[in-house]
Amino acid sequence: MNGAQHILEAFHRHHIDTVFGYPGGCIMPLYDALVDDAVVEHVLCRHEQACALAADGYARASGRTGVCIATSGPGATNLITGVANAHRDSVPMVVITGQVPSALIGTDAFQETDMLGMALGIVKHSYLVEQADELPGVLEEAFKLASEGRPGPVWIDIPKDILLAEVGPAPAVHGTPGVDEVVDASRVMAMLKASQRPLLYSGGGISLAHAEDAFRAFTEASGLPGVTTLKGLGNAGKRAPNDLGMLGMHGSRAANRAVAECDLLLVIGARLDDRATGKLEAFAPSARTIHIDADAAEFNKLRPADLTLMGDLTTILRALTGEVQTSPLAISDWQQTCRHWHTTGGFHAADNDDPYAPIHGPAFIRQLSRITADDTVIACDVGQHQMWVAQYYDFDHPRHHLTSGGLGTMGFGLPAAIGAQFANRASTVINVTGDGSFMMNAQELATIRRYQLPVKIIILDNQCLGMVRQQQELFYNNRESQIDLDDNPDFLTMAKAFDIHALHINRSDQVRRGIETLLAYQGPMLLHVAIAREENVWPIVKPGAGNTDMIDETHRPRSNKEYVA
Amino acid sequence: MNPQPPAASYQIHCRMTPEVAALERLCQVVRVRGFRIAKMAMENVGDSLDIALTLEGNRPIGMLQSQLEKLQTVVVVELKDQALSVVERFSAG
Ligand SMILES: Cc1ncc(C[n+]2csc(CCOP(=O)(O)OP(=O)(O)O)c2C)c(N)n1
């Protein structure tokens, strides 16, 4: 068996049945081996960045490891943004690239780039395979590392001669017997009991740890009011009575107020990112902090914790659930206060009664949320539309919301939707995008057509880079700079060129019909939604300010001087 | 320009498996997490690389230590007791 065949063997062993890739010179032995493989479906995207982002979307939607493949040089460098995206959001991924033959490494050979060096800062771990016999062990280790503990991308760069070399058998895999973790929840409980206003702050770590059920059981048993990060949306389920939704820069007044006034913050599976906390000194100023995570390096990184607990989140949450069931928390006044704040300071987009009124982004997303089924997957891009989704779409599960949180990668949405559709062919997958983001990976319409994926695309078209325009308006004295996209292509014609059905709407009374048509359509379809250029995401906290200093529409400055950074 | 706060100096001892790019990984994490390498000595000992580092920086050294411990190639990171000295450093101009 040669090196390339060993890679396929490793895929089989790890139940990898879908990979996203693009061929080329140094990876050709693997593509040759694929010809004879009946198990692995190789998805040919139209750009390596999209391969990595599709593998990322696949992993987020399925909870399994995503795999992407590329050739050396430009193929590998094109993967970088997608791998960095997975790294910043701790997505399990194995990246396989061909490298120039061992003897040519370091000679500036054709399509030689030092991928090991280039990717160091964006991987959980990486390998350059130097000896053929190392390959099976490296593959085993890579799949294990990618998904265990805090997940992340693992990159294996393999010289072409090693792909072709005869390699001995794969090492026997001995599963390490699981050790039952014993969690001492008593100190957490003591702090919870002593608190009058405890608040749960959960993030993307819940679904990364596959701890969704345990988390939900804990929120129900404890009755704790909770706020979530962008990546934690859906953690508590859409009908959770004490969930206040997203905190932070574009979070709700209710969520940010609860953080400001709580006396105990129970942080679970979150890393206290600056977009969530705002100015640290003003963040939860009167609260003690308990931090629970799978990665000890997150403790005390940005805010000192009074108590930390590292380990498997399911085990810890189950232990805590047992404790609060035995000894319930007496926090009904605080719950009521939070619910009141949520009613008055949550996200409520009014429907427009005027049928001819232009479409309002938030109201559109609210309508989308009402119409779609609970298990719909939304893959967002980056910008205002992404924040409106976070604010106005009610997610029932964190794996239904695919969003580029840490890196904020425009162009993420379409390939991520493709990956999610491969993860579950039967599910409804919608890419909500902006006119800027859509163009960053628009070539993937060809992938949708090739595989006849029923992906739905909604472009909220404001003819500009809306999020940048908004910040220029508010913080740069309205001096618009390089944000105009009023020469966008005709998106309907573009879709048609890829044999994709498309529809345009621009009035409020067309919203419901437009969404229903999109959802009812059997194949892929694009809904082009014209929205006002001047629409902003409210509220907003100025970068570097405290989260209680939220600016909303009522404060939209005539002269923006007040907000010049 | 205002002078930067004085940087503390730390000694760290790190044992790594001698995988490809082990040293690069170490140096990169040190740099990205806000420290400067003032002195470095490396030696092959058996199956390991032993690296002694003198580092300067303003951030909590514990934060760097926990990031280094996350590297797959790192076996152990030891921080010699406490900050050894405080190095006065001023930015140019
Ligand atoms: C690859 C990349 N380049 C630049 C940015 C900076 N950026 C963030 S939001 C944004 C505008 C996005 O415009 P669009 O997709 O049209 O969405 P809108 O904000 O209008 O909803 C830009 C340029 C980014 N996040 N990613």
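Not measured: the values here are computed from a predicted model.

Draft legend 1. The confidence of the model for chain B, seen in detail. Summary statistics for chain B give a mean pLDDT of 86 and a share of 84% for residues scoring 70 or more. Below a pLDDT of 50 lies the segment residues 83–93 of chain B, which in the model reaches 26 contacts outside its immediate sequence neighbourhood of four places, other chains included.

Draft legend 2. Layout of the UniProt feature "domain: Thiamine pyrophosphate enzyme TPP-binding" (unreviewed entry) in chain A. When the UniProt feature table is mapped onto this chain, "domain: Thiamine pyrophosphate enzyme TPP-binding" (unreviewed entry) is found at residues 381–529 of chain A. Secondary structure content for residues 381–529 of chain A is 38% helix and 16% strand, while the C-alpha to C-alpha distance between its ends is 15 Å.

Draft legend 3. Just the domain arrangement of chain A, in detail. All names here are of chain A. Domains assigned within chain A are domain 1 (3–164), domain 2 (186–345) and domain 3 (361–541). For domain 1 versus domain 3, the separation of C-alpha centres amounts to 29 Å. With 26 residues of domain 1 in contact, the opposing surface of domain 3 contributes 25 residues. Surface buried jointly by domain 1 and domain 3 totals about 2000 Å² across both partners, of which 60% is contributed by carbon and sulfur atoms. Viewed at the interface, domain 3 and domain 1 are joined by 1 salt bridge. Note that Arg425 is salt-bridged to Glu41, the shortest N-O span being 3.1 Å. Our count for the contact surface shared by domain 1 and domain 3 stands at 11 residue pairs in polar contact (both at pLDDT 80 or more). Listing elements by their share of the side of domain 1 that touches domain 3, those giving two or more residues are strand E1 (18–21), strand E2 (41–44), helix H3 (48–62) and helix H4 (74–88). The element best represented in the side of domain 1 that touches domain 3 is H3, accounting for 11 residues. Residues belonging to the side of domain 1 that touches domain 3 are distributed by class as follows: 11 nonpolar, 9 polar and 6 charged.

Draft legend 4. Region of the structure containing the interface of chain A and chain B. The interface of chain A with chain B comprises 15 residues on the first partner and 12 residues on the second. Taken over both partners, the interface formed by chain A and chain B buries close to 1200 Å², and the fraction arising from carbon and sulfur atoms is 56%. When the buried area of chain A at its contact with chain B is split by residue, Leu120, His125 and Ala297 of chain A rank highest and sum to 42% of it. Between the two partners, chain A and chain B, sit 1 salt bridge. Across the pair Asp295 of chain A and Lys70 of chain B runs a salt bridge whose closest N-O atoms are separated by 2.6 Å. One can count 4 residue pairs in polar contact (both at pLDDT 80 or more) joining chain A with chain B. Contributions of two or more residues to the side of chain A that touches chain B are made by helix H5 (115–118) and strand E5 (125–128) of chain A. Residue classes in the side of chain A that touches chain B are distributed as 6 nonpolar, 4 polar and 5 charged.

Draft legend 5. Layout of the packing of helix H15 (residues 361–371) of chain A against helix H16 (residues 384–392) of chain A. All names here are of chain A. Here H15 crosses H16 at 50°, and the two axes come no closer than 9 Å. If you check the angle between H15 and H16, you find them oblique. Our pair here, H15 against H16, has a crossing hand that is right-handed. For the pair H15 and H16, the contacting residues are Gly361, Pro362, Ile365, Arg366 and Ser369 in the first and Trp388, Val389 and Tyr392 in the second.

Draft legend 6. Geometry of helix H17 (residues 413–423) of chain A. Of all 11 residues making up H17 of chain A, 10 are buried, and the element is well covered by its neighbours. Residues Gly413, Leu414, Pro415, Ala416, Ala417, Ile418, Gly419, Ala420, Gln421 and Phe422 of chain A constitute the buried set of H17 of chain A.

Draft legend 7. Broad picture of empty space enclosed by the protein. All names here are of chain A. Scanning the model with the defined rule gives 1 cavity of 30 Å³ or more in all. Here the largest cavity defines a volume of roughly 60 Å³. Residue lining of the largest cavity: Asn256, Val259, Ala260, Thr277, Ala282, Phe283, Ala284, Pro285, Asn547 and Thr548, and that is the complete set. When residues of the lining of the largest cavity are assigned to their parent elements, the largest contribution, 3 residues, is made by helix H11 (residues 253–261). Across the lining of the largest cavity, the residue classes break down as 6 nonpolar, 4 polar and no charged.

Rules and cut-offs
Residues numbered from 1 in each chain as written. Chains lettered and ligands numbered in written order. Predicted model: local features only at pLDDT ≥ 70, side-chain atom pairs only at ≥ 80, totals over all residues. Heavy atoms only, no water. pLDDT = per-residue confidence, 0-100. Contact = heavy atoms within 4.5 Å. UniProt positions renumbered as here; feature names shortened; annotations may be inferred. Helix = DSSP H or I, 4+ residues; strand = E, 2+ residues; numbered from the N terminus. Domains from an automatic or database assignment. Buried area = accessible area lost by both parts, 1.4 Å probe. Salt bridge = Lys/Arg side-chain N within 4 Å of Asp/Glu carboxyl O. Polar contact = N/O pair within 3.5 Å; in protein donor to acceptor, adjacent residues only side chain to side chain. Nonpolar A, V, L, I, M, F, W, Y, C, P; charged D, E, K, R; others polar. Axes fitted to C-alpha atoms, helices over the stretch in contact; angles between N-to-C directions. Parallel < 35°, antiparallel > 145°, perpendicular 65-115°, else oblique. Left-handed = near helix turned anticlockwise from the far one by under 90°. Buried < 20%, exposed > 50% of the residue type's maximum accessible area, 1.4 Å probe, protein only. 1 Å grid on protein atoms, 1.4 Å probe; cavity = no way out; pocket = protein on both sides within 12 Å on 5 of 7 lines; lining within 4 Å. Points joined across faces, edges and corners; volume = space filled by probe spheres on them.

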